[in-house]
Amino acid sequence: MKDVFIFDMDGVILDSEKIYLDMNQKWFHKMGFNLPVHIHQKYVGISAKIFWNFLKSEFNLPEEINHYIQLEKEMKFNTLSSLELKPTTHLIDYLNFLKNKNYKIALASSSLRKNINLILSKLNITNYFDFIISGEEVSLGKPNPEIFLNVSDFFNCKIDNCVVIEDSTNGIKAAKAANMFCIGFYNPNSGNQDLSLADIVIDNFKDKRIYEL
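Just so it is clear, the model here is predicted, and its values are computed rather than measured. (Residues numbered from 1 in each chain as written. Predicted model: local features only at pLDDT ≥ 70, side-chain atom pairs only at ≥ 80, totals over all residues. Heavy atoms only, no water.)

S.K.: Got a minute to help me understand the overall build of the protein in this structure?
M.R.: Of the regular secondary structure elements, the protein holds eight helices and six strands. Moving toward the C terminus, one meets the helices and strands of the protein in the order β-α-α-α-α-α-β-α-β-α-β-α-β-β. Relative to the globule expectation of 17 Å for 213 residues, the C-alpha radius of gyration of the protein, 17 Å, shows essentially globular dimensions. Each of the three principal axes of the protein carries a C-alpha extent, and together these read 50 × 35 × 30 Å. Every one of the 213 residues in the protein was classed for burial, and the buried ones make up 49%. The contacts in the protein between residues at least 6 apart in sequence include a share of 62% that link residues at least 24 apart. For the protein, the accessible area works out to roughly 10,500 Å², and carbon and sulfur atoms hold 48% of it. Charge separation in the protein, taken as the distance between the mean sites of 23 positive and 26 negative side-chain charges, equals 2 Å. (Helix = DSSP H or I, 4+ residues; strand = E, 2+ residues; numbered from the N terminus. Rg over C-alpha atoms; globule rule 2.2 N^0.38 Å. Buried < 20%, exposed > 50% of the residue type's maximum accessible area, 1.4 Å probe, protein only. Contact = heavy atoms within 4.5 Å. Areas by Shrake-Rupley, 256 points an atom, 1.4 Å probe, with all protein chains shown as cover. Lys, Arg positive; Asp, Glu negative; His and termini not counted. Charge placed at Lys NZ, Arg CZ, Asp CG, Glu CD.)

Structure (structure tokens):
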């Protein structure tokens, strides 16, 4: 019996990966280097430290990586604040279905807590979630399973009862490393993500299979 549903945020709840990619691509250009989009997309869902260590090594960036990570955090928040945001199509219908069935709903995102709060508030869906955990609250980011295991610990539930919904290769790897059932959500704006490790793959929240779990 599946009774805890764990959502990723970026690319699943909100089609935000393209927002971040466009923002960073413009920033990289101003800094004097170009990162091919297909390489950039490989880092979707992975920790900022890994991404910026790669960029520093690849492009000989002059500052320490924490400098760029902090700037990127501020840019993301300001960008999200300036935009009108809409939830993924049919997501609200699925959240209502889960709530009506009294399932537990969690959000496990690598994003900052203030970005999570901002997005959920702008989408008006905060009250759907029984538990929220951010990337700041774990020591190891995805593809490490720590963030998902913390969710099961919070609900004191069996791993077998958890379902993770992820759009990135690294998120799916984290879910499977936690031995949880994983729904791969295909979002073309998240890039060419390998979803092959997922138990099922969907491209919309009307798919009848996710209502039968």
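Read on for the rest.
S.K.: Before we go on, may I ask you to explain the packing of aromatic side chains in this structure?
M.R.: What characterises a pair of aromatic rings is the spacing of the ring centres plus the angle enclosed by the ring planes. Per the stated rule, a full pass over the model turns up 23 aromatic pairs. Ring centres of F185 and F205 lie 4.9 Å apart, and the angle between their planes is 20°; this geometry places the pair in the stacked category. Of this pair, F185 sits in strand β5 (residues 181-185) while F205 sits in the segment after β6 (200-202), and the two are 20 residues apart along the sequence. For the residue pair F185 and F205, the accessibility class agrees, reading buried in each case. An aromatic cluster of at least three residues, connected via ring pairs, comprises F5, F7, Y94, F97, Y103, F129, F185, F205 and Y211. Seen from the ring of Y20, K76 lies directly overhead, with NZ or CZ sitting 4.3 Å from the centre. (Phe/Tyr/Trp six-rings, centres within 6.5 Å; stacked < 30°, edge-to-face > 60°. Lys NZ or Arg CZ within 6 Å of the ring centre and 35° of its normal.)

S.K.: Help me understand the sheet that holds strand β4 (residues 162-166) in this model?
M.R.: What holds strands together in a sheet is hydrogen bonding between their backbones, with the strands either parallel or antiparallel. Taken in spatial order, the six strands make up an open sheet running β3-β2-β1-β4-β5-β6, and their pairing is parallel. Here the strands that pair on one side only, and so sit at the sheet edges, are β3 (131-133) and β6. Recorded for the sheet is a direction-independent mean angle of 20° between the axes of neighbouring strands. In this structure, β4 lies alongside β5, joined through four bridges in parallel fashion. By the bridge assignment, E166 is partnered in β5 with G184. (Pairing = 2+ DSSP bridges. Axes fitted to C-alpha atoms, helices over the stretch in contact; angles between N-to-C directions.)

S.K.: It is not clear to me how unusual backbone geometry should be interpreted in this structure. Could you clarify?
M.R.: Excluding glycine, residues mostly carry a negative phi; peptide bonds, for their part, are mostly trans. Of note, the amide linkage connecting K142 to P143 takes the cis form, showing an omega dihedral of 20°. By secondary structure assignment, the location of P143 is in the loop between β3 and α7 (146-155). Within the chain, N60 stands out as a residue other than glycine whose phi angle is a positive 50°. Under the relative-accessibility criterion, N60 is labelled exposed at 66%.

S.K.: Just checking my understanding: could you explain α7 for this structure?
M.R.: The α-helix winds at 3.6 residues per turn, so residues separated by three or four positions along the chain end up facing the same way. Among the residues of α7, those classed as buried are E146, I147, F148, V151, S152 and F155. Check the buried side of α7 and you find it contacts β1 (4-7), β2 (104-108), β3, β4 and α8 (169-177). Within two residues after α7, N156 carries a phi angle of roughly 50°, on the positive side.

S.K.: Please clarify how the pairing of β5 should be interpreted in this entry.
M.R.: A regular strand carries its side chains on alternate faces of the sheet. In terms of burial, β5 is a largely internal element, five of the five residues being buried. The side-chain alternation of β5 yields two buried faces, one formed by F181, I183 and F185 and the other by C182 and G184. For the handedness criterion, the β-α-β arrangement of β4, α8 and β5 is classed as right-handed. Here β5 runs beside β6; their pairing, made up of three bridges, is parallel. Its bridge partner being in β6, I183 is matched across the sheet by I200. (Right-handed = clockwise from strand over helix to strand, strands pointing away.)

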